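Each chain is listed here by its residues.
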Amino acid sequence: LRSQREQKLLKGETGLIVFVTMPRSGSGYVSNALMNGLGLKNLNSIIEFIDAWFPDYGIFAFPNYVAGGKFSPMPDGFVHGHAAALEPNLWNLALITDKLIVNFRDPRQALISWVNYMEYFRFTGNISGLMEYQIPDGYFQWQLKKQLDWQIENYFVPINIEWIRGWLQADEDEEFPCEILFSKYEVLAKEPKRYFQEILSFYGLSEDIFNYPVEPNFKRKTHLRKGSTSEWMEILSSEQVQKINETIPKEWFERFNWK
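What counts, and at which threshold
- Residues numbered from 1 in each chain as written.
- Predicted model: local features only at pLDDT ≥ 70, side-chain atom pairs only at ≥ 80, totals over all residues.
- Heavy atoms only, no water.
- Helix = DSSP H or I, 4+ residues; strand = E, 2+ residues; numbered from the N terminus.
- Buried < 20%, exposed > 50% of the residue type's maximum accessible area, 1.4 Å probe, protein only.
- Salt bridge = Lys/Arg side-chain N within 4 Å of Asp/Glu carboxyl O.
- Patch = residues over 30% accessible without salt bridge, like charges linked within 9 Å, V, L, I, M, F, W, Y side chains within 5 Å.
- Areas by Shrake-Rupley, 256 points an atom, 1.4 Å probe, with all protein chains shown as cover.
- Axes fitted to C-alpha atoms, helices over the stretch in contact; angles between N-to-C directions.
- Parallel < 35°, antiparallel > 145°, perpendicular 65-115°, else oblique.
- Contact = heavy atoms within 4.5 Å.
- Nonpolar A, V, L, I, M, F, W, Y, C, P; charged D, E, K, R; others polar.
- Polar contact = N/O pair within 3.5 Å; in protein donor to acceptor, adjacent residues only side chain to side chain.

Within the secondary structure, Glu175 sits in the loop between α8 (156–172) and β6 (179–184). In this structure Glu175 comes out as exposed when scored by relative accessible area, which is 73%. Separated by 85 residues in the primary sequence, Glu175 and Leu90 have C-alpha atoms spaced 9.7 Å apart.

Next up, the structure:
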């Protein structure tokens, strides 16, 4: 796979770009920016991501082009998903790529975005999504504080901390051969050009072939609601912040430059 990528770069091709992303961390915006900016084909119909019951069953399926008896080279294109570092994902990704991006966000701000995203689901009548994300009965009649408490204690915060931890462990696993670029939402929000430059450099691609995206158009009750990095400091109580901080490994605050 490394050799194939090197040959593709020599011919002016991109190879396969794999974007693995934590929910509510700019996933859609970055995906569209990379596909449009590099002219990449979306390969999720070929390398299918089965996105159900996050995070336990989000799986990159084993693609048919690899399963066949005849050799098929790495395709050019883009594939993405909210995949956790589950064993099936690590196995399957290692068979299709030598490099992947893992994108994430400060769980405290991601939590605020998630709670508002659940309101978006309710607003648009996405019942299957609300079931998948295990929203309990009566959730939307609760005050915001109770909704946040539930997500902190039961769902969004703990599973996303584990999601980040899983990929950090995969990166340290000598048996997982893929090189990982960890990209942070906070860099995207504050230094978008640097954010995309790091991705281009990681894949050995020139800036000359990339068209940088325009700034996102934020709007309430949409996928692109606000784009903040510090809204959590205004919304979460000191007790809620303390509870989350106690579940985040201490070294992450310095490593990821989180307050």
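Back to the write-up after that little detour.
Counted according to the given criterion, the structure contains eleven salt bridges. Across the pair Lys8 and Asp76 runs a salt bridge whose closest N-O atoms are separated by 3.2 Å. Here Lys8, found in helix α1 (residues 2–10), pairs with Asp76, found in the loop between α3 (64–67) and β4 (77–81); they are 68 residues apart in sequence, far enough to count as distant. Its relative accessible area of 10% is what places Lys8 among the buried residues. Salt bridges sharing common partners tie together Lys8, Glu13 and Asp76.

Together, Trp53, Tyr57, Ile127 and Met131 give the surface a local cluster of nonpolar side chains, amounting to about 490 Å² of exposed area. Mapped onto the fold, Trp53 is located in the loop between β2 (49–50) and β3 (59–60).

This paragraph deals with the packing of helix α7 (residues 144–154) against helix α12 (residues 238–247). Viewed as axis vectors pointing N to C, α7 and α12 meet at an angle of 10°, and their least axial separation amounts to 11 Å. If you check the angle between α7 and α12, you find them roughly parallel. Taken together, the residues of α12 that come into contact with α7 (itself represented by Lys145, Leu148, Asp149, Ile152 and Glu153) are Gln240, Lys243 and Ile244. Of the residues that constitute the contact of α7 with α12, the class distribution is three nonpolar, one polar and four charged.

Note on placement: Lys99 falls in strand β5 (residues 99–104). Only 2.5 Å separates the side chain of Lys99 from the backbone oxygen of Phe202, close enough to count as a polar contact. When near neighbours in sequence (up to four residues on either side) are disregarded, Lys99 contacts Arg5, Val18, Glu179, Phe202 and Tyr203.

Positionally, Ile50 belongs in strand β2. Taking the C-alpha atoms as reference points, Ile50 and Phe60, ten residues apart in sequence, are found 6.3 Å from one another. When neighbours within four sequence positions are excluded, Ile50 is seen to be in contact with Tyr57, Gly58, Ile59 and Ala61.

Honestly, it's all geometry; don't read function into it.
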